[in-house]
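Structural characterization, general
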Amino acid sequence: MKNNKVLITGGVGFIGREVAKLLVQQKHPVLLFDNLSPQIHGAIPDLSALRLLRHAQVEVFRGNVAKPSDWATALEGTGAVVHLAAETGTAQSMYQISRYTETNVAGTAALLDHLANRRHEVRKIILASSRSVYGEGAYRCGRCGLVYPPARSEESLRKAQWQPDCPTCRRPIEAAATPEEARTAPASVYAATKLAQEDLVRVAAKALGIPAVVFRFQNVYGEGQSLKNPYTGILSIFSNQLRMGKTINLYEDGQESRDFVHVSDVARAVGLGLASDGADGATLNVGSGLRTSVEQVARLLQERFGAKVPPIVSGQYRLGDIRHGYADLKAIRAQLQFAPEISLDQGLTRFVEWVKNQPVEPDRLGEATAELVSRGLMPAQLPADVPVEIPAEGPAHVHAKAASV
């Protein structure tokens, strides 16, 4: 890449800063393009503690990705774009539809419109997408093989029927690693906007002759993530509650599972996508390739914070949430020689040590929950026959299933 300056949208955010640190180490000048959203950075953003921003190779531009004139300023002299900026709360997206669409879809369109119609030096685009585009993702049926169940219905959730059945034979199914060729089935406005971003970048970048890589991130966590946002990031939410002496409330039966990937591994994947042409034009999963239940994560955090009260399984649920999800990493291993390096045990230890040195943030989960209940996205009252459990005490183990390789 002749011009090695990299523009990172959402660059002052959690993932953006980690990517910037890596690129600075690789001698890239970087411009961090960010709107400094109050939901993430607080009403009055305080960036004074961010040593990265004082580096000679780092510039910060506060702007709006949906505003074409801001793109014109940010893209000047830029050789590559890492497009991370997005509104990210799955449940919140269901009632802030215009805001999510404007930032995620119109913001991406504004970038591509500039590249199509103005002089520029951009020779690479990296787009951050999400595993949410898969919906429920892949499962394995003993009779039908790999299947892709639809989103769980409100009726089944109301009856505490958490696990989907095979969409063909209705037999029980087990979660499987989701490959990139899986069908896409967004179950939220957020997911729909991420899929729209993917399509825009694929079509426009190919027409413009600009190599592009789309990364579908799993649940990214680690030091530096926002502790203020009550709409996303269960590790942040749980950590705040534990530090305040509160009991963690687990939705459904606590056995829903996710693929937790450390932010440093995500930054490495982005760096590889920028440096190599091996994934140009590809869409790739970025994750740990393992699944871990929400209850297991809660117990691991409980141990590290020294909390005595175990989490409570409440039977509460949110419409649009998936049951399970974890990544098949065969493609990214083959095309970028990427493999995650930070285990969940290591990553949580690092995360908790960082959290302990941060101010305790107010627990805003109650406000967020009330907002969802008022809009019919969570039940105001659970049926009397839905059990509420306090799991038995015991050591927290990570019962994780590896993706097939």
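Let me begin by describing the structure that accompanies this report.

With that settled, consider the packing of helix α1 (residues 14-25) against helix α8 (residues 263-275). If you want to describe how two helices pack, look at the angle between their axes and the distance between the axes. The contact between α1 and α8 brings their axes to 9 Å, and the two run at 55 degrees. Between α1 and α8, the angle falls in the class oblique. As α1 runs across α8, the sense of the crossing is right-handed. In contact with Phe14, Ile15, Glu18, Val19, Leu22 and Leu23 of α1, α8 contributes Val263, Ser264, Val266, Ala267, Arg268, Val270, Gly271 and Leu274. When the residues that make up the contact of α1 with α8 are grouped by side-chain class, the tally is 10 nonpolar, two polar and two charged.

Our next topic: unusual backbone geometry. Of note in the backbone geometry, Ala160 takes a positive phi value of approximately 60 degrees without being a glycine. With respect to the helices and strands, the residue Ala160 is situated in the loop between α5 (154-158) and β8 (173-175). On the accessibility criterion, Ala160 (25% relative accessible area) is partly exposed. One non-glycine residue, Arg170, lies in the positive phi region at around 65 degrees. Take Arg170: it is sitting in the loop between α5 and β8.

Taken in spatial order, the three strands line up as β7-β6-β8 in an open sheet, and their pairing is antiparallel. Looking at strand neighbours, the two that pair on one side only are β7 (145-147) and β8, the edges of this open sheet. The average undirected angle you get between the axes of adjacent strands in this sheet is 35 degrees.

Turning next to the layout of surface pockets. Empty pockets left among the atoms are what a rolling probe the size of a water molecule brings to light. Empty space within the second largest pocket amounts to approximately 190 Å³. Across the lining of the second largest pocket, the residue classes break down as four nonpolar, four polar and three charged.

Before going further, it helps to examine empty space enclosed by the protein. Under the defined criterion, the tally for this structure stands at two cavities of 30 Å³ or more. Within this model, the largest cavity holds a volume of roughly 70 Å³. Looking at the largest cavity, the residues that line it are Leu227, Lys228, Asn229, Pro230, Ser236, Ile237, Asn240, Pro362, Asp363, Arg364 and Leu365. In terms of residues, the lining of the largest cavity owes the most to one element, helix α7 (residues 234-243), which gives three residues.

With that out of the way, let us pick up the state of the cysteines. Working definition of a disulfide: a covalent bond connecting the sulfur atoms of two cysteines. All told, the structure shown has zero disulfides when counted by the stated rule. Just so you know, Cys169 is unpaired, no disulfide at all, and the nearest cysteine sulfur is the one on Cys141, 3.6 Å from it. What makes Cys169 partly exposed here is its relative accessible area of 21%.

A word on the nonpolar core. It is characteristic of soluble globular proteins that their nonpolar side chains tend to be buried jointly. The biggest cluster of nonpolar side chains holds 42 residues, and the ones touching the most others in it are Ile8, Ile15, Val30, Leu32, Phe215, Phe217 and Ile332. For Val30, the contacting residues outside a window of four places in its chain are Val6, Ile8, Ala20, Leu23, Val24, Gln57, Val58 and Glu59.

Conventions used here
- Residues numbered from 1 in each chain as written.
- Predicted model: local features only at pLDDT ≥ 70, side-chain atom pairs only at ≥ 80, totals over all residues.
- Heavy atoms only, no water.
- Axes fitted to C-alpha atoms, helices over the stretch in contact; angles between N-to-C directions.
- Helix = DSSP H or I, 4+ residues; strand = E, 2+ residues; numbered from the N terminus.
- Parallel < 35°, antiparallel > 145°, perpendicular 65-115°, else oblique.
- Left-handed = near helix turned anticlockwise from the far one by under 90°.
- Contact = heavy atoms within 4.5 Å.
- Nonpolar A, V, L, I, M, F, W, Y, C, P; charged D, E, K, R; others polar.
- Buried < 20%, exposed > 50% of the residue type's maximum accessible area, 1.4 Å probe, protein only.
- Pairing = 2+ DSSP bridges.
- 1 Å grid on protein atoms, 1.4 Å probe; cavity = no way out; pocket = protein on both sides within 12 Å on 5 of 7 lines; lining within 4 Å.
- Points joined across faces, edges and corners; volume = space filled by probe spheres on them.
- Disulfide = S-S within 2.5 Å.
- Core = buried A, V, L, I, M, F, W, Y, C linked by side-chain atoms within 4.5 Å.

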